[in-house]
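What the coordinates show
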Amino acid sequence: MKSLLLLVLLLVMRGPLLGESVDGAFVDRAEDYSESLANQLHALSLAVREKKIDELASYFAAGLSAGGLPVRGDVAHPANKWTVAWNADWSSDGLDREAFVGEWRRYLGYFSAIEDVRFKVKQAHFIEGEAVQADAHIYFAIVGRDASGMRQWAEAEAWIEATLQPEGRWLLDAFELEKHGAHVALTELFSEVSLPAGMFRSAPRFGTPGNQDFLAHGVAVADIDRDGWLDALVTGVGRNFLYMNQGDGTFAERASAAGVQFTPPATGPLFLDSDNDGDVDLFLAAAGYQMLFENRPTEEGAPNLVDVSQEAGVAYPAQGFSAVAADVDQDGWSDIYVTSYNQYGTVMPNSWSRATNGTPNLLFVNRGDGTFTEQAESRGVADGRWSYAASFADLDEDGDQDLYVANDFGENGYYRNEGGYFTDRAEEVGLLDPGNGMGVSVGDFDNDGRLDLHVSNMSSTAGNRILSRLFPDGVKQLDETRVLNKLAAGNTLFRNLGSGSFEDASQAAGPFGAGWAFGGGFVDFDNDGWQDLHAPNGFISGKSLKDT
């Protein structure tokens, strides 16, 4: 949906930005063609995933001319300590439809199982005549298992030609592989164990009864019963879940016993010791009134979470999407910051790149007596944009906690802590990062001892595709077009230079095109002493690929 809004923005802005050489009406039609071609490739991907070889022929024209697909060689080259890369080559001989389908049969034989297949239209050019002709640059990926059962994935780019048929389908006239890379894992790094661990849950399809609210949900992790094992609180559709770690690889769901199964709909959970009594309490950000639950353990040590929102002074209304905690005034008590979005759909952003009509964020300053006072505006961190996520860290190395806020539809905030009060220095130090900010995490990716920032944004295949169509010569570099390029570029990695400033290291270290990315963070997945990055992604899925 947001991707569509980006496309609307591109098309609305084309008037003041473009010269007479670009036919705006044709740009509109070309993107419609691109979407329909993408949907056709989506159908092809489903056939590939299910290995419906006989069905593949229906996607190719009778006069197809295609190159070969990769032949896996005997030599595998180490890619890193836990994967190897295929040694593969392919021919560019003109194959007819029957031979090319045979190539797919052979190529998919390298996969004993296939979990996911994706085709994307990176660029496309169209010629309108008796029939619409397409010349497109596509990307595709296949994820599955090799013959020995190890995880295997392949990525490729290809040039295709296609013709739009009278019934609205596209048939591929040509398919020529340009790039290919494939890897096999040498070990199982991760296994999906939510079902045997007792944490598996499913929700109704979005938009159907039981799951109609346009809200995010989250998870917080802490040892809530102080038994030495990490537990998890998940806010969900219609209820919350508290998974108590049993110490044997399984969890027991105890939200009802702890008193937090049913609350007003919550978004971002946060564990913290709000009263300095040594156990973990629970704060729930919400699109509504914010909530605080004090942990008053039973005699057996089980969590007993009591709603103290009103008496603690945190029952403030907001479009709360997430919450973080830190001692902002260095008085020894944890304070709470809530990012507040807006009622998207009812209220629309007043800009797609510099929106300022969000709702004020909240800063609950802990008074040390079980109560909080809301002081976001007086301390300089109300923000007022479409805030999605935030993180506290001592980014300027002066001993106190600074604050970075990721804002959707615009620029982010870097609030430097100056004696418990904050000043936005984002532009000054190079941290504005205009885009669709939906997550921020802190880590030291280059092991120089300084804290760096990873900001999750949206990367849009369609956005990049339209930009190349609107500006085919790549010459126009107005401020607006730079912003549009950023909106479609993906996640940002900022290197801390140690002088109070930062540089954008995204291209040098990445790039990080992670789709519709949310949250994520730094973690050393392979225990090699270097922090890796994880970026969850995705949004509402449908039968078509309109959200590309």
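Keep in mind that what you see is a predicted model, and the values were worked out from it rather than measured. (Residues numbered from 1 in each chain as written. Predicted model: local features only at pLDDT ≥ 70, side-chain atom pairs only at ≥ 80, totals over all residues. Heavy atoms only, no water.)

Some words on the overall build of the protein
Across its full length, the protein holds 11 helices and 30 strands. In the protein, which comprises 548 residues, the share counted as buried stands at 48%. (Helix = DSSP H or I, 4+ residues; strand = E, 2+ residues; numbered from the N terminus. Buried < 20%, exposed > 50% of the residue type's maximum accessible area, 1.4 Å probe, protein only.)

Regarding helix α4 (residues 97-108)
In a regular helix each residue adds 1.5 Å, so 12 residues correspond to 16 Å; α4 covers 17 Å between its end C-alpha atoms and thus fits that length. Among the residues making up α4, those that are buried are F100, V101, E103, W104, Y107 and L108. For α4, the angular spread of buried residues about the axis comes to 150°, placing them on one side. (Expected span 1.5 Å × (residues − 1). Arc of directions from axis to C-beta.)

Things to note about the pairing of strand β9 (residues 231-235)
β9 sits mainly inside the fold: 4 of its 5 residues count as buried. Two strands pair when backbone bridges link them, and strand β8 (residues 219-222) and β9 are joined in this way by 4 bridges, in the antiparallel orientation. Within β9, the residue paired with A220 across the bridge is L233. As paired elements, β9 and strand β10 (residues 240-245) share 4 bridges and run antiparallel to each other. Within the sheet, the bridge partner assigned to T235 lies in β10 and is N240. (Pairing = 2+ DSSP bridges.)

Concerning a nonpolar patch on the surface
Together, L189, F190, V523 and F525 give the surface a local cluster of nonpolar side chains, amounting to about 340 Å² of exposed area. Its location among the elements puts F525 in the loop between β29 (521-523) and β30 (532-534). Judged by its relative accessible area of 32%, F525 falls in the partly exposed class. (Patch = residues over 30% accessible without salt bridge, like charges linked within 9 Å, V, L, I, M, F, W, Y side chains within 5 Å. Areas by Shrake-Rupley, 256 points an atom, 1.4 Å probe, with all protein chains shown as cover. Salt bridge = Lys/Arg side-chain N within 4 Å of Asp/Glu carboxyl O.)

Digging into the sheet that holds strand β21 (residues 386-393)
Strand order across the open sheet formed by 4 strands is β21-β22-β23-β24, with antiparallel pairing between neighbours. The strands lining the two open edges of the sheet, one partner per strand, are β21 and β24 (422-424). Sheet twist, expressed as the mean angle between neighbouring strand axes with direction ignored, is 25°. The pairing of strand β23 (residues 413-417) with β24 spans 3 bridges and is classified as antiparallel. (Axes fitted to C-alpha atoms, helices over the stretch in contact; angles between N-to-C directions.)

Some remarks on the environment of Y243
Secondary-structure assignment places Y243 in strand β10. We classify Y243 as buried; its relative accessible area is 2%. Along the backbone, Y243 and A197 are 46 residues apart, and their C-alpha atoms lie at a distance of 9.9 Å. When neighbours within four sequence positions are excluded, Y243 is seen to be in contact with G198, M199, R201, D231, A232, V234, F251, A252 and E253. (Contact = heavy atoms within 4.5 Å.)

Concerning the sheet that holds strand β18 (residues 335-340)
Remark on secondary structure: sheet strands pair via backbone hydrogen bonds, oriented parallel or antiparallel. If you walk across this open sheet you meet the 5 strands as β14-β17-β18-β19-β20, and the pairing is antiparallel. Sheet topology places β14 (287-289) and β20 (372-374) at the edges, where each strand pairs with a single neighbour. Adjacent strand axes in the sheet meet at a mean angle of 40°, parallel and antiparallel pairs treated alike. In this structure, strand β17 (residues 317-326) lies alongside β18, joined through 6 bridges in antiparallel fashion. Each residue of the ladder has a partner; that of A323, found in β18, is V338.

What about the packing of aromatic side chains?
Within the structure shown, the criterion is met by 29 aromatic pairs. Between F241 and Y243, the ring centres sit 6.0 Å apart and the planes meet at 5°, which makes this aromatic pair stacked. Judged by relative accessible area, which is 11%, F241 ranks as buried. Here the aromatic rings of Y341 and W386 are separated by 5.0 Å at their centres, their planes lie at 85°, and the arrangement is edge-to-face. (Phe/Tyr/Trp six-rings, centres within 6.5 Å; stacked < 30°, edge-to-face > 60°.)

Re the nonpolar core
One finds L37, W104, Y107, I142 and F175 to be the most contacted residues of the largest nonpolar core, which totals 47 residues. The element best represented in this core is helix α2 (residues 24-49), accounting for 8 residues. Every residue in contact with F175, bar those within four places of it in the chain, is listed here: L64, S65, A66, G67, L69, F100, W104, I138, F140, A158, W159 and I160. With 18 residues, the next largest nonpolar core counts A222, A258, L284 and L305 among its residues. (Core = buried A, V, L, I, M, F, W, Y, C linked by side-chain atoms within 4.5 Å.)

Some details on the pairing of strand β27 (residues 492-496)
Each regular strand shows side chains that alternate between the opposite faces of the sheet. In terms of burial, β27 is a largely internal element, 4 of the 5 residues being buried. Two strands pair when backbone bridges link them, and strand β26 (residues 452-456) and β27 are joined in this way by 3 bridges, in the antiparallel orientation. Across the sheet, H454 pairs through a bridge with L493, a residue of β27. Direction of pairing for β27 relative to strand β28 (residues 502-504): antiparallel, over a ladder of 3 bridges. Note that in β28 the partner of R495 across the bridge is E503. Counting the residues in the hairpin turn of β27 and β28 gives 5 residues, including G498, whose phi is positive at 80°.

Some thoughts on unusual backbone geometry
The linkage connecting G510 with the following residue, P511, adopts the cis geometry, with an omega of 5°. For N276, which is not glycine, the phi torsion reads 55° and is therefore positive. Note that N276 resides in the loop between β12 (269-272) and β13 (281-284). Its relative accessible area of 38% is what places N276 among the partly exposed residues. The residue Q330 is not glycine, and still its phi comes out positive at about 55°. Looking at where Q330 falls in the secondary structure, it is placed in the loop between β17 and β18. According to the relative accessible area criterion, Q330 is exposed, its value standing at 53%.

So, the environment of P78
Note that P78 resides in strand β2 (residues 71-80). Between the C-alpha atom of P78 and that of L186, which follows or precedes it by 108 residues, the distance is 9.8 Å. Once residues within four sequence positions are removed from consideration, P78 is found in contact with T83 and V84.

A closer look at the pattern of salt bridges
All told, the structure shown has 19 salt bridges when counted by the stated rule. The salt bridge partner of E50 is R49, with a shortest N-O separation of 3.3 Å. A residue is classified by how much of its surface remains accessible, and R49, at 31% relative accessible area, is partly exposed. The salt bridge partner of E103 is R106, with a shortest N-O separation of 2.9 Å. Taken together, the positions of E103 and R106, both in helix α4 and 3 residues apart, correspond to about one turn of that helix.

The values are spatial; any link to function lies outside them.
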